[in-house]
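# Observations on chain architecture
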Amino acid sequence: MSLLTPDAGLLFWMILSFGIVFVILSKYGFPVIIKAVEQRKEYIDQSLESARQANEQLAGIQAESEKILAQAREQQNEILKQALVEKEEIISEAHRKATAEAHLQVEEATRHIREEKEKAIREVRTEIADLSVAIAEKVMKEKISRTDEQEKIINGLLDNVSFSKS
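Conventions and cut-offs
- Residues numbered from 1 in each chain as written.
- Predicted model: local features only at pLDDT ≥ 70, side-chain atom pairs only at ≥ 80, totals over all residues.
- Heavy atoms only, no water.
- UniProt positions renumbered as here; feature names shortened; annotations may be inferred.
- Helix = DSSP H or I, 4+ residues; strand = E, 2+ residues; numbered from the N terminus.
- Buried < 20%, exposed > 50% of the residue type's maximum accessible area, 1.4 Å probe, protein only.
- Areas by Shrake-Rupley, 256 points an atom, 1.4 Å probe, with all protein chains shown as cover.
- Patch = residues over 30% accessible without salt bridge, like charges linked within 9 Å, V, L, I, M, F, W, Y side chains within 5 Å.
- Salt bridge = Lys/Arg side-chain N within 4 Å of Asp/Glu carboxyl O.
- Phe/Tyr/Trp six-rings, centres within 6.5 Å; stacked < 30°, edge-to-face > 60°.

An unreviewed UniProt entry annotates the protein as ATP synthase subunit b of Parabacteroides gordonii MS-1 = DSM 23371. The record held by UniProt for the protein lists under Sequence similarities (unreviewed entry) the comment "Belongs to the ATPase B chain family."

This is the structure:
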């Protein structure tokens with residue numbers, strides 16, 4: 001017997017044992033193996049579907065996060081714009097109040113100056129009147145010392161007093 005060519009009896013028993021093993025495997029082994037392969041295939045398909053859904057959810061979450069970030073940026077810009085507007089309003093309000101206050105102070109100073117001016121004018125007039133009376137008194141004393149002129153002045157004053165009463 002040679003190693004490369006099997007004998008007819010050996011060939012028969014090999015085919016018979018192969019057939020028995022094949023029948024036993026096809027009846028009991030292959031269904032279990034096929035079932036395990038099918039279960040493995042379903043598990044892989046479910047895993048792929050879960051992975052695809054997870055990717056979709058991740059993409060949705062990323063899109064939503066980008067949308068939220070965009071909204072946050074918009075809100076930030078809006079808040080900054082409002083802050084700038086409020087700042088400008090506060091500055092203009094402060095400027096307006098400062099202008100009004102300065103105007104009031106200028107008016108107060110002008111009124112005070114006017115009052116001081118009027119007071120000074122009154123004092124000057126009083127002084128002028130006092131000086132005029134003093135001068136008139138000296139002039140009158142000098143004129144009254146003369147008797148003719150004294151009678152003329154007295155008569156003139158009496159005439160003025162009598163005309164002003166009527």
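There is more to say after this.
This next bit is on the overall build of the protein. Scanning the protein for helices and strands turns up two helices and zero strands. Here the protein holds 166 residues, and 1% of them are scored as buried. For the protein, the exposed area adds up to about 15300 Å²; of that, 63% sits on carbon and sulfur atoms.

A separate point is the UniProt feature "transmembrane region" (unreviewed entry) in the protein. The UniProt record marks residues 12-34 with the feature "transmembrane region" (unreviewed entry), using the residue numbering of this structure. Counting secondary structure, residues 12-34 comes out at 100% helix and 0% strand; the distance between its end C-alpha atoms is 30 Å.

A cluster of nonpolar residues, F18, V21, F22, L25, F30, I33, I34 and V37, forms a patch on the protein surface that exposes about 750 Å² of accessible area. Mapped onto the fold, I33 is located in helix α1 (residues 8-144).

For the rest of this paragraph, the subject is the packing of aromatic side chains. When we look at a pair of aromatic rings, we describe it by the centre distance and by the angle of the planes. A complete count under the given rule lists three aromatic pairs for this structure. Seen in terms of ring centroids, F18 and F22 are 6.1 Å apart; in terms of plane orientation they differ by 25 degrees. Their pairing is stacked. Pair noted here: F18 and F22 are both in helix α1, with a separation of four residues, about one helical turn. Overall, F22 belongs to the partly exposed group, its relative accessible area being 43%.

What follows covers the pattern of salt bridges. For the structure on display, the rule yields six salt bridges. Note that D45 is salt-bridged to K41, the shortest N-O span being 4.0 Å. Of this pair, D45 and K41 both sit in helix α1, separated by four residues, roughly a single helical turn. Note on D45: relative accessible area 39%, which makes it partly exposed. The partly exposed category is assigned to K41, whose relative accessible area is 46%. E93 is the salt-bridge partner of R96, the closest N and O atoms lying 2.3 Å from each other.

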